[in-house]
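Chain by chain, the residues run as shown.
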Amino acid sequence: MSNLHNPASPFVPFSPNPAIQSGVASPTTPLSISQKTPQLGSSNLRYASSRKSIYDRHLNRTQRSELSKASFAFLFGEMIQYAQKQVSGIQDLEKKLNIQGYSIGQRLLELLLHREGRSAKRETRVLGILQFVAQTVYRHLFGKPADGLEKSRDNEDEYMLIDNDPAVNSYISVPREMSQLNCAAFVAGIIEAVLDGSLFPSRVTAHSVPTEQYPMKTVFLIKFDESVLERESVMPNN
Amino acid sequence: MSSTKAARIGEEVWKTRIDKVNAELVTLTYGSIVAQLCKDYEGDYMEVNKQLDKMGYNIGLRLIEDFLAKTNTGRCINFRDTAETISKIGFKVFLNITPTVTNWATDNKQFSLVFEENPLADFVELPDDGRAQNELWYSNILCGVLRGALEMVQMQVDAHFTSDVLRGNETTEMRVSLIRIIDDELPPGDD
Amino acid sequence: MTFYFAIIGTKDNPIYETEFGTSKQGGDGHARFPDEQRPMNQFILHSALDIVEEVQWVQKELYLKTVDRFNNLLVSCFLTAGNIKFLLLHDSKAEDPIRQFFADVHEAYVKTLMNPFYEVDMRITSTVFDSKVRAAAKKYL
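About the cut-offs
- Residues numbered from 1 in each chain as written.
- Chains lettered and ligands numbered in written order.
- Predicted model: local features only at pLDDT ≥ 70, side-chain atom pairs only at ≥ 80, totals over all residues.
- Heavy atoms only, no water.
- Helix = DSSP H or I, 4+ residues; strand = E, 2+ residues; numbered from the N terminus.
- Buried < 20%, exposed > 50% of the residue type's maximum accessible area, 1.4 Å probe, protein only.
- Areas by Shrake-Rupley, 256 points an atom, 1.4 Å probe, with all protein chains shown as cover.
- Lys, Arg positive; Asp, Glu negative; His and termini not counted.
- Charge placed at Lys NZ, Arg CZ, Asp CG, Glu CD.
- Pairing = 2+ DSSP bridges.
- Axes fitted to C-alpha atoms, helices over the stretch in contact; angles between N-to-C directions.
- Contact = heavy atoms within 4.5 Å.
- Buried area = accessible area lost by both parts, 1.4 Å probe.
- Salt bridge = Lys/Arg side-chain N within 4 Å of Asp/Glu carboxyl O.
- Polar contact = N/O pair within 3.5 Å; in protein donor to acceptor, adjacent residues only side chain to side chain.
- Nonpolar A, V, L, I, M, F, W, Y, C, P; charged D, E, K, R; others polar.
- 1 Å grid on protein atoms, 1.4 Å probe; cavity = no way out; pocket = protein on both sides within 12 Å on 5 of 7 lines; lining within 4 Å.
- Points joined across faces, edges and corners; volume = space filled by probe spheres on them.
- Phe/Tyr/Trp six-rings, centres within 6.5 Å; stacked < 30°, edge-to-face > 60°.
- Lys NZ or Arg CZ within 6 Å of the ring centre and 35° of its normal.

## Considerations on the overall build of chain B
Right, so step 1: Counting secondary structure elements, chain B contains six helices and five strands.
Right, so step 2: Counting only C-alpha atoms, chain B reaches 45 × 35 × 30 Å along its principal axes.
Right, so step 3: With 191 residues in all, chain B has 58% of them scored as buried.
Right, so step 4: Carbon and sulfur atoms make up 48% of the accessible area of chain B, which totals about 8200 Å².
Right, so step 5: Charge separation in chain B, taken as the distance between the mean sites of 20 positive and 31 negative side-chain charges, equals 6 Å.

Written out as structure tokens, the structure reads:
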């Protein structure tokens, strides 16, 4: 086993909610009473005559586009290298990667639902949002749904998303043990953003649980906030 | 090798030997990297450019092996050959694009790559802070990649963007110049 | 007809606001809120948020239609996947045109969000975004 894997506890605890992390810039002002319609700043942005702006570009143009896995792998590898220079310790590193995954998850959530068009539905139940992650999100990212979704027998607020062979791992050309944890932290961030954004606040942590059959098996442990359980308990059963 | 032959090889390799991934994942990942750098360097875009170039350089050093293994391309006979290989095969098998090679210098040691498409820059609009559009080269990582990759095949080059649609220019263009052929006895330059 | 439109972020913070008048039936597209009305508009939208917070757990659609009324004014709401609320204050029922308006704004919002330099809950200051919203208003409302 890698020396990064603490045998006393198979779980790697961390996972801050970036939204409440100090220093995250998020200029918010309470709904204020003003006398005039707020003015927009005048734009200083220049546009190429051919390109206009991002608003003129079709959102679904690259929906089915593909790039090489290697491109992702190389970029991801540099993301890890860069993060490593700034932190001391594997937990901080995973925090950083979680944050980068988080910002991607926030965008994916809106993009995927927007693409469903008029039939798009927001998830209002725990099972619903988990299925969304395990099926829709996972398929979009990795071309296949997650391998399993389980509810913890011991804890009401915990669920496990299982990936027997994370596609992300196979991209990376850094030491296997290290890469597994890192990639998983990134994906955990994506998942956490989707859950948080949908108003199912949670902490998502990644754990490698190798088996004979699946040496790269990864479990994403999803621990929901109390508020989620409370709300779920008053929902009508169907 | 001729441009058409290179294009054919690039297309063939792309179709048959490349594992693929959703493009948007790559675009979003790169976006996350650049945005993070801009935050970390507090808007010092010159520094961000440098970091992107460095990252690209690190990638290039490793990417070349991957490239050679997948494409079985032999040694390029001259710099013109190199240019075609880069644009029709290199960019094709990694980013599924084929930038146009133009503006050759008379000594055949400099050319431009013009990017009609740039998947790294999809959805992107530079910050409206009056500086980003004058200072940041969003896709600068590509310059580093070229530099690193070519260094591993004994070519010391300079690569830099001269224009970018993200900056309001009409085209996105990278200028590549051959500085020298690296002798086998000398150690490769490093950062 | 006069409209007041706001986009509210995840922390109940306004990230975009605008007003316009109808372009239909000879309207010139200019808002006609009397000055005293404006503070009320924000108050009305703000209290509509409380209702949205309940309705969103009952209705799964993104378009919540009319969620609240205040005297002669109606509040219609569209809720994105990431809990961003589009609130429109208007004075007569127009379910389908409003749905179409929201759909266009939704697209513009997602494009805004896909930009790596934009973060959730930031104010939207792009003049192009603003012109897209106004164009949608002109087209449907």
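Once you've had a look at it, read on.
## A closer look at unusual backbone geometry
Right, so step 1: At B:Asn108, a position not held by glycine, the phi torsion is positive, near 60 degrees.
Right, so step 2: For B:Asn108, the location among the structural elements is in the loop between β2 (100-102) and β3 (110-115).
Right, so step 3: Look at C:Asp121: it is not a glycine, yet its phi comes out positive at around 80 degrees.
Right, so step 4: Position of C:Asp121 among the secondary structure elements: in the loop between α2 (95-114) and α3 (127-140).
Right, so step 5: Taking relative accessible area as the criterion, C:Asp121 reaches 2% and is therefore assigned buried.

## Remarks on the sheet that holds strand β3 (residues 63-70) of chain C
Residues and elements named next belong to chain C.
Right, so step 1: With antiparallel pairing, five strands are arranged side by side in an open sheet as β2-β1-β5-β4-β3. Only two strands of the sheet have a single partner each, and these edge strands are β2 (14-21) and β3. Across the sheet, the mean angle separating the axes of adjacent strands is 20 degrees when strand polarity is ignored.
Right, so step 2: Relative to strand β4 (residues 73-79), β3 runs antiparallel, the two sharing six bridges. Across the sheet, the residue bridging to Thr66 is Ser76, located in β4.
Right, so step 3: Together, β1 (2-8), β2, β3, β4 and β5 (85-90) form the strand contacts of helix α1 (residues 37-55), whose direction differs from that of β3 by roughly 130 degrees.
Right, so step 4: Packing against the sheet, α2 makes contact with β1, β2, β3, β4 and β5, and its axis sits at approximately 145 degrees to β5.

## Focus: the interface of chain A and chain B
Right, so step 1: Taken residue by residue, the interface counts 43 residues in chain A and 49 residues in chain B.
Right, so step 2: Regarding the contact of chain A and chain B, the summed buried area is about 4300 Å², with carbon and sulfur atoms giving 57% of it.
Right, so step 3: Seen at the junction of chain A and chain B, the total is three salt bridges.
Right, so step 4: There are 18 residue pairs in polar contact (both at pLDDT 80 or more) connecting chain A and chain B.
Right, so step 5: Tallying contributions element by element places helix α1 (residues 69-86) of chain A first for the side of chain A that touches chain B, with ten residues.
Right, so step 6: Partitioning the side of chain A that touches chain B into residue classes produces 18 nonpolar, 16 polar and nine charged.
Right, so step 7: Direction of pairing for strand β1 (residues 66-68) of chain A relative to strand β1 (residues 20-22) of chain B: antiparallel, over a ladder of three bridges. In the sheet register, A:Ser68 faces β1(B), and the bridge partner there is B:Lys20.

## Section: empty space enclosed by the protein
Right, so step 1: The tally for this structure, following the rule as stated, stands at six cavities of 30 Å³ or more.
Right, so step 2: Around the largest cavity, the lining is made up of 16 residues, and of these A:Arg122, A:Glu123, A:Ser198, C:Thr80 and C:Ala81 lie nearest the centre.
Right, so step 3: Among the secondary structure elements, those contributing two or more residues to the lining of the largest cavity are α2 (90-115) and α3 (126-142) of chain A.
Right, so step 4: Its residues assigned to classes, the lining of the largest cavity comprises eight nonpolar, five polar and three charged.

## Comments concerning the sheet that holds strand β5 (residues 172-181) of chain B
Residues and elements named next belong to chain B.
Right, so step 1: Taken together, four strands build an open sheet; the order of strands is β2-β3-β5-β4 and the sheet is antiparallel. Two strands close off the open sheet at either side, each with one partner strand: β2 and β4 (155-163). Neighbour to neighbour, the strand axes of the sheet diverge by 25 degrees on average, direction disregarded.
Right, so step 2: Pairing between β4 and β5: eight bridges, direction antiparallel. When the sheet's bridge partners are listed, Val157 is paired in β5 with Leu178.
Right, so step 3: Strands β3, β4 and β5 of the sheet are contacted by helix α6 (residues 141-152), whose axis makes an angle of about 165 degrees with β4.

## Describing the pairing of β5(C)
Residues and elements named next belong to chain C.
Right, so step 1: With six of six residues buried, β5 lies mostly within the body of the structure.
Right, so step 2: Of the two faces of β5, the one carrying Lys85, Leu87 and Leu89 and the one carrying Phe86, Leu88 and His90 are both buried.
Right, so step 3: Bridge count for β1 against β5 is five bridges, and the pairing is antiparallel. Note that in β5 the partner of Tyr4 across the bridge is Leu89.
Right, so step 4: In this sheet, β5 lies alongside β4 in antiparallel orientation, the contact comprising six bridges. In the strand pairing of β5, Leu79 is matched with Lys85.
Right, so step 5: Counting the residues that bridge the hairpin from β4 to β5 gives five residues, and of these Asn83 lies at a positive phi of roughly 65 degrees.

## Considerations on the layout of surface pockets
Right, so step 1: Here the second largest pocket defines a volume of roughly 740 Å³.
Right, so step 2: Lining the second largest pocket are 36 residues; nearest its centre among them are B:Ile64, B:Phe67, B:Ile86, B:Ala149 and B:Leu150.
Right, so step 3: For the lining of the second largest pocket, the elements supplying multiple residues, two or more each, are α1 of chain A together with α3 (45-71), α4 (79-95), α6 and β5 of chain B.
Right, so step 4: The element that contributes the greatest number of residues to the lining of the second largest pocket is α4(B), accounting for eight residues.
Right, so step 5: Broken down by class, the residue content of the lining of the second largest pocket amounts to 27 nonpolar, eight polar and one charged.

## Let's talk about the packing of aromatic side chains
Each aromatic ring pair is summarised here by two numbers: the centre-to-centre distance and the angle between the ring planes.
Right, so step 1: Following the criterion strictly, the structure yields 30 aromatic pairs over all chains and no others.
Right, so step 2: Taking 5.6 Å as the distance between ring centres and 35 degrees as the angle between the ring planes, the aromatic pair formed by C:Phe3 and C:Phe20 counts as tilted. On the criterion of sequence distance, the pair formed by C:Phe3 in strand β1 and C:Phe20 in strand β2 is long-range, its members being 17 residues apart. Take C:Phe3 and C:Phe20: they sit in the same class, and that class is buried.
Right, so step 3: Three or more aromatic residues joined by ring pairs form one cluster here, namely A:Tyr55, C:Phe3, C:Phe5, C:Tyr16, C:Phe20, C:Tyr63, C:Phe78, C:Phe86, C:Phe101, C:Phe102, C:Tyr109 and C:Phe129.
Right, so step 4: Geometry around A:Phe200 places A:Arg231 over its ring, the cationic atom sitting 4.8 Å from the centre.
Right, so step 5: Stacked on the ring of B:Trp137, the Lys or Arg B:Arg167 has its end atom at 3.5 Å from the ring centre.

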